[in-house]
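Listed below are the residues making up each chain.
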Amino acid sequence: MADSFGCLFLWYTAFIALAASVSSAEEPGHCVWYGECGHARGLKQNCWYNGTAKPLYDDHALGILKEYCPHLAPNGVPHPKLCCNGSQLVTMSTSMSLPKQIISRCPSCYRNFLNIYCDFTCGPTHSKFLKVKATNLVGQPVYVTKVKYYLTPDFANGLFNSCKDVQMPSNNQKALDILCGTDAAHCTPTKWLNYMGDTNIDPNVPFDIDFNISSEVTDEVTPMNVTIKPCNKPADNMSNACSCQDCLDSCGSSAATPVQPLPWEIFGIDAMVFIMGSVYIGFLILFLGGQIFSCILGNPHFDFTRSGCSNDWSINSEIQPMQREKVITKDDISCFEAVGAYLEAGLQKMFQVWGTWCAGHPWPVLLVGLIVCAISGCGLIYFDVTTDPVQLWSAPDSKARLEKNYFDANFTPFYRTEELIIKPVNSTPWYRKDLLTSKGMYFGAVFQKEILYQVLDLQDRIKAITAWDGETSTNVTLQDICFQPLSPDNKHCSVMTVLNYYQNNRTMLDKVHMDIFNISAEADYIDHFMYCSRAPLSVQDTTLLHTSCLADWGGPIMPWVALGGFDGDNYQNATALVVSFIVNNHIDPAKNRRALLWETEFIKFMKSYWNPDLNIAFTSERSIEDEIDRESNSDVGTILGSYLIMFLYITVALGRVSFGSVNRILIDSKITLALSGVLIVMLSVISALGLYSYAGIPATLIIIEVVPFLVLAVGVDNIFILVQAYQRDTRRTGETREEQIGRILGKVGPSMLLTSTSESVAFFLGALTQMPAVRIFTLYAGLAVLFDFLLQITCFVGVMSLDARRQEAGRIDVLCCVIPSKNNQIPKQEGCLYQVVKNYYAPALMNKWVRNVVMIVFVGWCCASVSMVNKIEVGLDQKLSMPEDSYVLKFFDYLNDYLSVGAPVYFVVEKGHDYTTPNGQNVICGTTGCNEESLLGQIYKASTISKYSKIAHPAQSWMDDYFDWIKPGGNPPCCREFEHYGNFCASTVNSSMCEPCQVSMQKGRPSQKDFMHYLKWFLVDNPGRKCAKGGHAAYNQSLQLLNDKTEIGATYFMTYHTILKNSSDYIAALKYARQMADNITSMLMANNTGPGYKVFPYSVFYVFYEQYLTIVRDTWVNLTACGSAILFVTFILLGFDLFSAILVLLTIAMILSSMFGMMYLWNISLNAVSLVNLVMCVGISVEFCSHIARAFAVSIKPTRILRAQEALTQMGSSVISGITLTKLGGIFILAFSKSQLFLVFYFRMYLGMVLFGATHGLIFLPVLLSFIGPPVNKAAIYRNQQIMSRERLSSQESTHSANERQILVNNAHGPGGYQSLQ
């Protein structure tokens, strides 16, 4: 009976209390609570109270009131009347610790936020806007369990608008991502207020608060409407307006969206197409008009390019020679012609004498040549091949290379990354109902718990991988090499994975919060993910699980880093998981040895791992370099096969075999001579490699693969010209074999000198470029070509003399000791190819209609090619550098399909900036009081136009978070020190000996002394529940502390690029980042923040893509330098014949334009590899053009057509057999390469340069010369006339002597004849 009575009494008391609370609402100016009594869910509760406000006498509480709620503590009122006591104020200040750390960077937002709880907790008349809806029904004293809080729309919207843009620098997210319970993009005033008042969602809410937004004023209700402080206005006289980053209204101007250049068009047509089309039409009008005009005149041989008034018309026209003969006198010869003829005669004489001597002394010449090559080749003991991509594509003094070195030296090299991209085999999204609301949404298949189990198991197995270190006889584990951000406090490895939202722990993944009846779940891993993906820095989610979002290693996991394939920020739609194991990197390669060993085992494990439910793409830091090496090794067979085909062809084609005399086949073959020529090519390459190895200039894989091909092209062409000239020649009466060889070398030697010198000088000039891969190639190529030429005019001449001696002696080739029984000497005859060119091809090409068609077609193709030049893509698709069966290709595909964020980018401030002064801080920071155009301000603005800037997020800022960390206030504050000792006391330490730091603050900034004193503590403080701003995890490596931590050196501010999928994206990202860094540097210098330093951006890919910023300029500079060298050398060695030199250069330019056209049509991008090939194309083009041009220049035939026909006859067959057919055989073998790089940049480009070179050199150039070729050197004509005159005179004298002898003989046989002779 007593128990029943007591229970009834309690119910009665509660009813009276609730009724009193309702009645008190009818009396404005009363309190609805006062003081604290009781606990619920571990949180203190407010005692129900129906009375007037009471004075506050507690000095500590008054201090809190003035700090947090100054409008409730007006000046002149020492003890203001409030509806709260001191303990309530302490509780309120404690509950404001997290909001203070998050939003106090925007004072107006923070002030408006505080006003909600100041008036809510202590307002002296809060019964006007607070209505008690429930109290505890059992027990005493009575405390409030639910209230209704009335706010005006102006206040609610003003609060939201002042806070909606506030940033969190440490994780590049907005504060409302944490404070609103949903992502900031979907947050509204109502959602935010409801979240802050719902005890089921936010565990920090002591009781339910039903926020009611209404402007209606009644007798019972006057909604709270404290004046809102807009974010672009100061909160008070001691603060500043919020920064542009935190308040768009504070921005003076938004980031200017770059104006995208309009397509270059003329009359709606692509400008280059229009221009080159116009040029071609103009050419057709002039060319066809000239031909028609010549027909009208009735002169089918009219040459509209002839200089009509010149005295040399008789030796320049196309009319038959018998109709126009002219005797040249010395007066007709110009100075240049005389010097040119003298030079030509001198070169011929020099080569003749030299060739005769070498042919007469073959063994000493061979011995000296071999000794020189041996000495040069010994340098190979110092041979070194550079495979480091950084050294290949970035010059040591390039901007990107210097910046990389600065970053590595002052911080640490960018981490080594072992990365997995995982996609479920069954990628069907699944529908999940919310456990509390029964509302549902679709989730990606990656969030199926069974998939997460399997990924977690895979992660654990990778962590267990061990590698054996033979040098130290120890095992290497991931723990030994991984990056540990919170070491030594936390030894966990940094693993970026969504499973780290559960601390990589299966128990945490399985954690579920059940209802009070333990029947149904109210929160599970999906709810935890949804919260953590919005607030990755949270140390306690707001679900009923109340677990941490921080990884086991102590840092946040950004959802855009650990997930892929989602749209916008709908992370739940992700279709792939990204798992990254972060490994320490070192400047000294030797210190990376253990990491390389572990990575090798990691690759082996991943190649052998199979899971029927998962599709996995993976890579490691060493993968790309390993695959490039494997690709090079796999193509050794292809390269050797290509060379073997060329060697076999040379061996067969060089011989002159008459199949009508079978017994002469083994005698007339040139196997030994051909192999000697090929050996000379190899010795040339080895000598060049050796000499540069002596000089310490490392080689590259490009050199090993390309230079032999180039030298073989040049060398074989010269060999064919020399040998075939000898084979076609007939030994003169009384001439020895050695003299004949010398005469032949005198005839073709100047042509060999012309091509070899042109190529060598062109290559050496190409070495002026700063791109290492191109520079090294041109150096090696220039020296190898020079060596090849020198060996050809020495050693090869000696071998040629020995082979001629063998052949004349009837000895078998190779087995020279064997003499067959039948070796009938057969007369010399012209080769089949020579006869075809002489009798069919050359006459057909010189047909007037054929010549016209050739000009029209080739000029048309040239114009079309030039119109494509500006459309060639710049860059190199990194997938092309991988073998076609490489596992890395799958990773690249997944990277493009699923990756959601680009590479990190660091904006580095070099040493020299003063961070301790307000001016120095304001030009860097992004919080309140900072300059709008500060470093962080400009990065923030760039992130708002990420489509153009390629900057995905605002930058992380150690300075902004440091200002928040060091601010006084909070319970406990972040910055604490041990009393009496002055040592740092972390926020995680519960000790009564810890007291707040005694920081001298002014407008939210510490004094210069305090700034440096407490900075080192900030950098060792681990983030936790009580202080989320600790800088150890996020900023420990972001700045240098020098001179015993009393001075700041270099610092960086990190953000991310947007996803970059192709070379154009990477190049655009680099260009914009540099442009922005230059603007920041200019701003810093304008603010006098310190001399002699700058800001620069750094990302791991910059050093590779910097070359593309100047690749177009480098291409034109290299090609122009090569062309200038060829023009100069050709001008000199063709006897100061400028016109011939120009025509050669024009033809080479047309070959290059054809190559550019082919590159566009065949999707070959412009990069260092293709630039090397273009430079090589110039060299090979010289071989196709210069021999023909020189043969035309020295010809003394009376018409251009005959001279062009003779030049083509004399040199055409050698060019066809020596370079065209030789190369085509080798090139077609490259089509079978497994390397995509070889297929694109070698097979396609080599095929193009041979086909275009051959067609232009053997078709277009002879036709061009037949139209506008240079006139014959009159000095040569004069010399030839003198020779002919002497021969006629000699012939006449011989005839006269013979007649006299005949008369004497007749007389001797006649009467008295014999006696007369006596």
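Residues numbered from 1 in each chain as written. Predicted model: local features only at pLDDT ≥ 70, side-chain atom pairs only at ≥ 80, totals over all residues. Heavy atoms only, no water.

J.: Kindly report on the overall build of the protein chain, identifying the contributing residues and their values.
T.: When helices and strands are tallied, the protein chain shows 44 helices and 32 strands. The buried share among the 1318 residues of the protein chain stands at 56%. Relative to all contacts within the protein chain whose residues are 6 or more apart in sequence, the contacts with residues 24 or more apart total 74%. When the accessible surface of the protein chain is summed, it comes to about 55700 Å², and 60% of that surface belongs to carbon and sulfur atoms. (Helix = DSSP H or I, 4+ residues; strand = E, 2+ residues; numbered from the N terminus. Buried < 20%, exposed > 50% of the residue type's maximum accessible area, 1.4 Å probe, protein only. Contact = heavy atoms within 4.5 Å. Areas by Shrake-Rupley, 256 points an atom, 1.4 Å probe, with all protein chains shown as cover.)

J.: How would you summarise the state of the cysteines if you had to cite specific residues and measurements?
T.: The full count for this structure, using the stated rule, is 15 disulfides. Sulfur-sulfur distance for the disulfide between Cys 37 and Cys 47 comes to 2.0 Å. Placement of Cys 37 in strand E1 (residues 31-40) and of Cys 47 in strand E2 (residues 43-51) is noted, with a sequence separation of 10 residues between them. The exposure class of Cys 37 is buried, given its relative accessible area of 9%. (Disulfide = S-S within 2.5 Å.)

J.: Before we move on, could you go through the side chain of Thr 1147 and cite the residues and values that matter?
T.: Within the fold, Thr 1147 resides in helix H39 (residues 1138-1161). If we skip the residues at most four places from it in the chain, Thr 1147 touches Cys 1185, His 1256, Phe 1260, Leu 1261 and Leu 1264.

J.: Give me the sheet that holds strand E6 (residues 144-151): which residues, what numbers.
T.: The mixed open sheet is built from 3 strands, whose spatial order is E5-E6-E9. What marks the edges here is a single partner per strand, and that holds for strand E5 (130-135) and strand E9 (208-213). Between one strand axis and the next, the sheet turns by 20° as a mean value, whatever way the strands run. Sheet strands touched by helix H8 (residues 189-197): E6 and E9. Its angle to E9, the strand with the most contacts, is close to 160°. (Pairing = 2+ DSSP bridges. Axes fitted to C-alpha atoms, helices over the stretch in contact; angles between N-to-C directions.)

J.: Kindly report on the pattern of salt bridges, identifying the contributing residues and their values.
T.: According to the stated counting rule, one finds 34 salt bridges in the structure shown. The closest approach of N and O atoms between Glu 344 and Arg 1190, which form a salt bridge, is 2.1 Å. Within this pair, whereas Glu 344 is found in helix H10 (residues 335-360), its partner Arg 1190 is found in helix H40 (residues 1168-1194), the two being separated by 846 residues in sequence. Neither Glu 344 nor Arg 1190 differs from the other in exposure class; each is buried. (Salt bridge = Lys/Arg side-chain N within 4 Å of Asp/Glu carboxyl O.)

J.: Quick rundown of the nonpolar core? Include the residues and the values.
T.: Residues Phe 777, Trp 958, Trp 965 and Leu 1015 are the most contacted members of the largest nonpolar core, which totals 219 residues. A total of 21 residues in this core trace back to one element, the largest contributor, which is helix H26 (residues 772-808). Other than its neighbours up to four places away in sequence, Leu 1015 contacts Trp 958, Tyr 962, Leu 1039, Leu 1041 and Ile 1048. Listed in part, the 155 residues of the second largest apolar core include Ile 421, Val 455, Tyr 502 and Tyr 1098. (Core = buried A, V, L, I, M, F, W, Y, C linked by side-chain atoms within 4.5 Å.)

J.: Requested: an account of the packing of helix H38 (residues 1111-1133) against H40, with residues and values cited.
T.: Relative placement of two packed helices is described by the angle separating their axes and the distance separating the axes. Contact pair H38 / H40: the axes reach a minimum separation of 11 Å and the direction vectors enclose 15°. Compared by their axis directions, H38 and H40 come out roughly parallel. Considering how the two elements wind past one another, H38 and H40 form a crossing that is right-handed. Contact with H38, carried on its side by Ile 1111, Asp 1114, Thr 1115, Asn 1118, Leu 1119, Cys 1122 and Ile 1126, involves Ala 1168, Leu 1171, Leu 1174, Val 1175, Val 1178 and Val 1182 of H40 and no other residues of that element. For the contact of H38 with H40, the residue count by class is 10 nonpolar, 2 polar and 1 charged. (Parallel < 35°, antiparallel > 145°, perpendicular 65-115°, else oblique. Left-handed = near helix turned anticlockwise from the far one by under 90°. Nonpolar A, V, L, I, M, F, W, Y, C, P; charged D, E, K, R; others polar.)

J.: I'd like a rundown of the pairing of strand E31 (residues 1047-1056), residues and numbers included.
T.: Here E31 lies mainly inside the structure; 9 of its 10 residues are buried. Pairing of strand E25 (residues 904-909) with E31 involves 6 bridges; the strand directions are antiparallel. Within the sheet, the bridge partner assigned to Pro 904 lies in E31 and is Tyr 1056. Here strand E30 (residues 1039-1042) hands over to E31 after 4 residues, with Asn 1043 in that stretch at a positive phi of 50°.

J.: Any details on unusual backbone geometry? Residues and values, ideally.
T.: What is expected of a backbone is that most residues other than glycine have negative phi and most peptide bonds are trans. With omega at 10°, the peptide bond leading from Ser 487 into Pro 488 counts as cis. For Lys 1045, which is not glycine, the phi torsion reads 65° and is therefore positive. Of note, Lys 1045 is situated in the loop between E30 and E31. Under the relative-accessibility criterion, Lys 1045 is labelled partly exposed at 43%.

J.: Describe helix H6 (residues 153-163), naming the residues involved and giving the relevant values.
T.: For an α-helix, 3.6 residues make a turn, and residues three or four places apart therefore share a direction. Among the residues of H6, Phe 155, Ala 156, Gly 158, Leu 159, Phe 160, Ser 162 and Cys 163 are the ones counted as buried. Residues of H6 that are buried sit in contact with helix H5 (107-122), E6, helix H7 (176-179), H8 and E9.

J.: Please set out the packing of helix H24 (residues 701-728) against helix H42 (residues 1236-1268) residue by residue, giving values where relevant.
T.: Axis separation between H24 and H42 bottoms out at 13 Å; the angle between their running directions is 15°. Accordingly, the angle class assigned to the pair H24 and H42 is roughly parallel. Pair H24 / H42 crosses with right-handed handedness. Here Ile 702, Glu 705, Val 706 and Phe 709 of H24 lie close against H42, whose contacting residues are Phe 1238, Tyr 1242 and Tyr 1246. Across the contact of H24 with H42, the residue classes tally to 6 nonpolar, no polar and 1 charged.

J.: Kindly report on a nonpolar patch on the surface, identifying the contributing residues and their values.
T.: A cluster of nonpolar side chains, contributed by Leu 367, Ile 371, Ile 375, Ile 381, Tyr 382, Leu 691 and Tyr 694, occupies part of the molecular surface with about 740 Å² of accessible area. Where the nonpolar patch is concerned, the elements lending two or more residues are helix H11 (362-377) and helix H23 (671-694). Top contributing element to the nonpolar patch by residue count: H11, with 3 residues. Tracing the sequence through the fold places Ile 381 in the loop between H11 and strand E12 (385-386). (Patch = residues over 30% accessible without salt bridge, like charges linked within 9 Å, V, L, I, M, F, W, Y side chains within 5 Å.)

J.: Requested: an account of the packing of aromatic side chains, with residues and values cited.
T.: Enumeration over the complete set of coordinates arrives at 61 aromatic pairs. Relative to Phe 1053, the ring of Trp 958 lies with its centre 6.1 Å away and its plane at 20°, an arrangement referred to as stacked. With Trp 958 in helix H33 (residues 958-966) and Phe 1053 in strand E31, the pair connects residues that are 95 residues apart, well separated along the chain. Grouping residues by exposure puts Trp 958 and Phe 1053 together as buried. Through successive ring pairs, a cluster of aromatic residues spans Trp 33, Phe 113, Tyr 117, Phe 120, Phe 129, Tyr 149, Trp 192, Phe 207 and Phe 211. Across the ring face of Phe 1192, the terminal group of Arg 1203 is positioned such that the distance to the ring centre comes to 4.0 Å. (Phe/Tyr/Trp six-rings, centres within 6.5 Å; stacked < 30°, edge-to-face > 60°. Lys NZ or Arg CZ within 6 Å of the ring centre and 35° of its normal.)

J.: Kindly report on the sheet that holds strand E32 (residues 1095-1098), identifying the contributing residues and their values.
T.: Here we have 4 strands laid out as an open sheet, ordered E30-E31-E25-E32, and antiparallel in their pairing. Pairing within the sheet leaves two strands with one partner each, and these edge strands are E30 and E32. Ignoring strand direction, the axes of neighbouring strands in this sheet form an average angle of 20°. Of the strands in this sheet, E25 and E32 are in contact with helix H36 (residues 1063-1086), which crosses E32 at around 160°.

J.: So what about the environment of Leu 1202? Which residues, and what values?
T.: For Leu 1202, the position within the fold is in helix H41 (residues 1200-1230). We classify Leu 1202 as partly exposed; its relative accessible area is 29%.

J.: Describe H39, with residues and values.
T.: Under the 1.5 Å per step criterion, the end-to-end length of H39 is 34 Å for 24 residues, consistent within 8% with the ideal 34 Å. Looking at where H39 begins, the residue whose side-chain oxygen comes 3.4 Å from the main-chain nitrogen of Phe 1139 is Asp 1137. Phi turns positive one or two residues past the end of H39, at Asn 1163, with a value near 55°. (Expected span 1.5 Å × (residues − 1). Polar contact = N/O pair within 3.5 Å; in protein donor to acceptor, adjacent residues only side chain to side chain.)

J.: So what about the environment of Phe 602? Which residues, and what values?
T.: Within the secondary structure layout, Phe 602 lies in helix H19 (residues 593-608). Residues Phe 602 and Ala 467, 135 residues apart in the sequence, show an inter-C-alpha distance of 8.8 Å. When sequence neighbours within four positions are dropped, the list of residues in contact with Phe 602 reads Glu 418, Leu 420, Ile 462, Ile 465, Phe 618, Thr 619 and Ser 620.

J.: Please give an account of the side chain of Ser 1140 that cites residues and values.
T.: Mapped onto the secondary structure, Ser 1140 falls in helix H39. The class for Ser 1140 is buried, based on a relative accessible area of 2%. Residue contacts for Ser 1140: discarding those within four places in its chain leaves Leu 1134, Ala 1193 and Pro 1270.

Interpretation in functional terms is not warranted from these geometric data alone.
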